[in-house]
Amino acid sequence: MTTNRPKRLTEAKARAIADTAKLVKAASWSTTNEWNVTADDGTVLVVVTPSYGGASRSGRDGWKYYLPAIGRTGARDKWPTRQQAATQGLMAWIRWATAAR
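Description of the structure in this document.

Definitions and limits used
- Residues numbered from 1 in each chain as written.
- Predicted model: local features only at pLDDT ≥ 70, side-chain atom pairs only at ≥ 80, totals over all residues.
- Heavy atoms only, no water.
- Helix = DSSP H or I, 4+ residues; strand = E, 2+ residues; numbered from the N terminus.
- Buried < 20%, exposed > 50% of the residue type's maximum accessible area, 1.4 Å probe, protein only.
- Salt bridge = Lys/Arg side-chain N within 4 Å of Asp/Glu carboxyl O.
- Pairing = 2+ DSSP bridges.
- Axes fitted to C-alpha atoms, helices over the stretch in contact; angles between N-to-C directions.
- Contact = heavy atoms within 4.5 Å.
- 1 Å grid on protein atoms, 1.4 Å probe; cavity = no way out; pocket = protein on both sides within 12 Å on 5 of 7 lines; lining within 4 Å.
- Points joined across faces, edges and corners; volume = space filled by probe spheres on them.
- Nonpolar A, V, L, I, M, F, W, Y, C, P; charged D, E, K, R; others polar.
- Parallel < 35°, antiparallel > 145°, perpendicular 65-115°, else oblique.
- Left-handed = near helix turned anticlockwise from the far one by under 90°.

### Examining the side chain of Asn36
Move 1: One can find Asn36 in strand β2 (residues 35-38).
Move 2: Residue classification places Asn36 among the buried residues on the basis of a relative accessible area of 13%.

### Re the pattern of salt bridges
Move 1: Within this structure, the stated rule accounts for two salt bridges.
Move 2: A salt bridge links Lys78 to Asp61; the shortest N-O distance between them is 2.9 Å. Highlighted residues: Lys78 in the loop between β4 (60-66) and α3 (82-98) and Asp61 in strand β4, separated in sequence by 17 residues.

### Points about the sheet that holds strand β1 (residues 22-25)
Move 1: As summarised here, the arrangement of the four strands in space is β1-β2-β3-β4, forming an open sheet in which the pairing is antiparallel. Among the strands making up the open sheet, the edge pair consists of β1 and β4. Taking the axes of each pair of neighbouring strands and ignoring which way they run, one obtains an average angle of 25° across the sheet.
Move 2: Strand contacts of α3: β1, β2, β3 (44-52) and β4, with the helix running at about 135° to β3, the strand carrying the most contacts.

### Here's the deal with the layout of surface pockets
Move 1: Size it by volume and the largest pocket reaches roughly 270 Å³.
Move 2: Contributing to the lining of the largest pocket are 18 residues, with Ile17, Ala39, Thr43, Leu45 and Trp93 lying nearest its centre.
Move 3: Contributions of two or more residues to the lining of the largest pocket are made by α1 (11-20), β3 and α3.
Move 4: For the lining of the largest pocket, the class distribution of residues is twelve nonpolar, two polar and four charged.

### Considerations on the packing of α1 against α3
Move 1: Where α1 meets α3, the axes come as close as 9 Å, and the angle between the chain directions of the two elements is 150°. When the axes of α1 and α3 are compared, the pair comes out roughly antiparallel. In this structure, the crossing between α1 and α3 has a hand that is right-handed. Contacts between α1 and α3 involve Glu11, Ala14, Arg15, Ile17 and Ala18 on the former and, on the latter, Leu90, Trp93, Ile94 and Thr98.
Move 2: Residue classes in the contact of α1 with α3 are distributed as six nonpolar, one polar and two charged.

### Side note on the environment of Leu9
Move 1: Tracing the backbone shows Leu9 in the segment before α1.
Move 2: Assessed through its relative accessible area of 24%, Leu9 is described here as partly exposed.
Move 3: Taking the C-alpha atoms as reference points, Leu9 and Arg95, 86 residues apart in sequence, are found 9.8 Å from one another.
Move 4: Setting aside residues up to four positions removed in sequence, Leu9 forms contacts with Ala14, Ile17, Trp93, Ala97 and Thr98.

This is the structure in structure tokens:
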């Protein structure tokens with residue numbers, strides 16, 4: 001059986017990639033308000049999306065993230081800023097990239 005999952009990274013390599021990653025507007029930002037956390041080579045590691053809902057369900061109530069490498073399923077939690085969501089997303093990406101295969 002083959003898998004599309006890339007080779008496992010060492011903790012040091014994954015952290016080095018995460019340390020140089022940048023939070024940038026996604027190409028679809030004008031319609032989705034999504035942001036991408038990208039590696040130096042342009043690979044999208046994390047997508048940060050606005051979260052809508054809350055008690056009034058009438059506006060953005062935070063930010064969520066997902067890892068495109070594993071699909072649109074993301075964290076259930078939300079964070080007050082996109083930078084905080086991006087940081088949490090990068091931490092999740094490091095765990096995924098260094099996990100045993």
